[in-house]
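Given next are the chains, with one letter for each unit.
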Amino acid sequence: MRLACVFSIVAKSQNPIKTLFRRHLSLVVSALPIMADSEESLRRALAEKHAAVDAQAEAVRALKAGPAFAPAEIDAAVESLKVLKVEAAAAARRLQAAVSRNVDGSIAGSREAFRQAVVNTLERRLFYIPSFKIYRGVAGLYDYGPPGCAVKSNVLAFWRQHFVLEENMLEVDCPCVTPEIVLKASGHVDKFTDLMVKDEKTGTCYRADHLLKDYCKEKLEKDLTLSSEKAAELKHILAVLDDLSADEVGAKIKEYGIAAPDTKNPLSDPYPFNLMFQTSIGPSGLSPGYMRPETAQGIFVNFKDLYYYNGNKLPFAAAQIGQAFRNEISPRQGLLRVREFTLAEIEHFVDPEDKTHPKFVDVSNLEFLMFPRKEQMAGESAKPMILGEAVSKGTVNNETLGYFIGRVYLFLARLGIDKDRLRFRQHLPNEMAHYAADCWDAEIECSYGWIECVGIADRSAYDLRAHSEKSGVALVAHEKFSESREVEKLVIVPSKKELGLAFKGNQKMVVEALEVMSEKEALKMRASLESKGEVDFHVCTLGKAVVITKNMVSINIEKKKEHQRVFTPSVIEPSFGIGRIIYCLFEHSFYTRPSKSEDEQLNVFRFPPLVAPIKCTVFPLIKTQKFDDVAKIIARSLTAAGISHIIDITGTSIGKRYARTDEIGVPFAITVDSTSSMTIRERDSKEQVRVSIDEVANVVKEVTDGQSTWADIMWRYPAHAASLADEE
């Protein structure tokens, strides 16, 4: 607007210098809306403009300092400098818009304002609050209040219905306290770490990768003078951050001069911090344990009994809902990163040689946003893909993994997650564990960006093998043959004596790694040993490669007759972070609308009836004994039908009562305005129908259970025209 005004003023002048200025300015104005340029090209353009401004400023100074004073020439040079400064400012605005604009087109400031409005409403209406609030709270711990508990309970109830009941899963409930040996076998004791740095003066701890990430993001968003090369470097760091070693992270922190955020004091070198809460089991302190960081290990260690319970048949799935604990270094982002949280996990055990799924056809035609690693590495965006095509083309590794991706999509969509802000992102090679066949994350976009809420991984046979080796109990499945078969069997025999001499205390880890090699790895090793006499072998539990010589291991293929096949099942694991899903649901459900007087905005949560904390409210229109008595009769019928509800018999206006319950997401309101019939109001449309007292509970149950839609109810029952006075 300001540029347009300047343009109109300049246009009235016929001065040739001003005309030149006007021509340049019109080009700047016409270029302002164009946002298609890449950030890299915008940074280059801004750098060029700044260089041109500096050169022109130097030319003006030279003219003014010159011996021959030429006012017309100086005026022309100054006008040219002004033009270049305007162009540079326009280029800076375009770059600022590009770096601060989110993928959905929203600006960072508006995202933060929206988030604050949501969080303020959630805390004020007691969906959740910081734990131990009167003692100033503890970071990363939150209490769910009554409506928050109800939403969480409804989400978990639907999870059980959608997965456990529909898939005939075996549900278990295992202890939160886990012996150290279990988590040693799983790798958590040695590897479940984040890199931490300390303020060298105060001792305050920070997560090293978060400090580096925050620095890179802030520089990219706010430093418009960054060269395109420097911007590319910072983006590369963000892309490979999870893959950087402690030394590499520490080197970058020193290179960029990153200090403690609160005090600006220097930071220590990064070092690994184990995220598990340690404890001891029993009073002696001789049996170390941990609060579990996930629920999955309880299922894995019970595999043998669950397999027997299932009739020694595969495939089958076990499920568990429970608390998990992670001693986060610096919790932030509210419910998204906490120290105690609810996980719902499924371990689907399947024959590694047959990962087809009989029900895959039920989800194969689903189309939704997918973000394969190929597109990520090419710098492209997520795009809609048909699930069946993704599996058939090998983008998704197998049918069983694809089936659970489809089921997760349906689950989240039914909860009320916006389908346009839900994507399935495939793990990049540097994110994948060495044993994993394929991994996808269901990511939901909220004001914090794209948040991983569900992980769906094909973990191969790693977990069961690890516990088999540590416990000495074979966690295997059997396939009986109708008649005996002659099979070739891979036999790996490590020489414990030679390995002990070579690796001493690390002998056991090297032996274990050799014994669990796949046939392909083992045969490749044998070929290398025969040709070279030694081979480099990566031992994941050591985190490094060791040299294996020919006398350290024997690898042979032997022919045997077998009556059955014994194998370790693969595991497909969908793991749900319930708190993260609920927070994203809060954001996706929140909106505001003007009050009747249009002088304020009213908050509304558009929860589907499935997850709404309270299904309906009962309001006597006016405070009279007869209407109060009818309200109590309706309440009893709702209770008998299993419908959660509240009665509000205060004398407050009906509009204010509607607004209060809209703000906690109650989908339906029953207004008692006679003794024989009453109205039912739908929250989002504010439409009302009139229903008899005998039918009202059944109608509400129909629509809250999903047997009918609100459109069905509107078609069956007469509409009630609410007066403006009914609404706040």
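As annotated in an unreviewed UniProt entry, the protein carries the name glycine--tRNA ligase and is attributed to Musa troglodytarum. Looking at the protein in UniProt, the text filed under Subcellular location (unreviewed entry) is "Cytoplasm". Under the heading Sequence similarities (unreviewed entry), UniProt records this for the protein: "Belongs to the class-II aminoacyl-tRNA synthetase family."

**Q** How would you explain the packing of aromatic side chains if you had to name every residue and give the values?
**A** In this structure the tally under the stated criterion is 27 aromatic pairs. Judged by centre distance (5.6 Å) and plane angle (85 degrees), the ring pair of Tyr128 and Tyr142 falls under edge-to-face. In this pair, Tyr128 sits in strand 1 (residues 128-130) while Tyr142 sits in strand 2 (residues 142-144), placing the two residues 14 residues apart along the sequence. Ring centres of Phe411 and Phe576 lie 5.7 Å apart, and the angle between their planes is 85 degrees; this geometry places the pair in the edge-to-face category. With a gap of 165 residues between them, Phe411 in helix 16 (residues 399-415) and Phe576 in strand 21 (residues 570-577) connect regions that are remote in the sequence. For the pair formed by Phe411 and Phe576, the shared burial category is buried. Through successive ring pairs, a cluster of aromatic residues spans Phe114, Phe127, Phe586, Phe590, Phe605 and Phe607. The positively charged end of Arg115 is found above the aromatic ring belonging to Tyr448, 3.9 Å away from the centroid.

**Q** Any details on the nonpolar core? Residues and values, ideally.
**A** By size, the foremost hydrophobic cluster in this structure holds 68 residues, and its most contacted members are Trp159, Phe411, Leu412, Phe424, Phe576 and Phe586. Among residues more than four places away in sequence, those in contact with Phe576 are Trp159, Phe163, Thr342, Leu343, Ala344, Ile346, Val408, Phe411, Cys453, Val454 and Ile581. Among the nonpolar cores identified, the runner-up in size contains 24 residues, and Ala631, Leu638, Ala641 and Met678 belong to it.

**Q** Any details on a nonpolar patch on the surface? Residues and values, ideally.
**A** On the surface, a nonpolar cluster with roughly 520 Å² of combined accessible area is contributed by Phe132, Ile134, Tyr135 and Val138. With respect to the element layout, Tyr135 can be found in the loop between strand 1 and strand 2. Given a relative accessible area of 68%, Tyr135 falls into the exposed group.

Reading the values: rules and limits
- Residues numbered from 1 in each chain as written.
- Predicted model: local features only at pLDDT ≥ 70, side-chain atom pairs only at ≥ 80, totals over all residues.
- Heavy atoms only, no water.
- UniProt positions renumbered as here; feature names shortened; annotations may be inferred.
- Phe/Tyr/Trp six-rings, centres within 6.5 Å; stacked < 30°, edge-to-face > 60°.
- Helix = DSSP H or I, 4+ residues; strand = E, 2+ residues; numbered from the N terminus.
- Buried < 20%, exposed > 50% of the residue type's maximum accessible area, 1.4 Å probe, protein only.
- Lys NZ or Arg CZ within 6 Å of the ring centre and 35° of its normal.
- Core = buried A, V, L, I, M, F, W, Y, C linked by side-chain atoms within 4.5 Å.
- Contact = heavy atoms within 4.5 Å.
- Patch = residues over 30% accessible without salt bridge, like charges linked within 9 Å, V, L, I, M, F, W, Y side chains within 5 Å.
- Areas by Shrake-Rupley, 256 points an atom, 1.4 Å probe, with all protein chains shown as cover.
- Salt bridge = Lys/Arg side-chain N within 4 Å of Asp/Glu carboxyl O.

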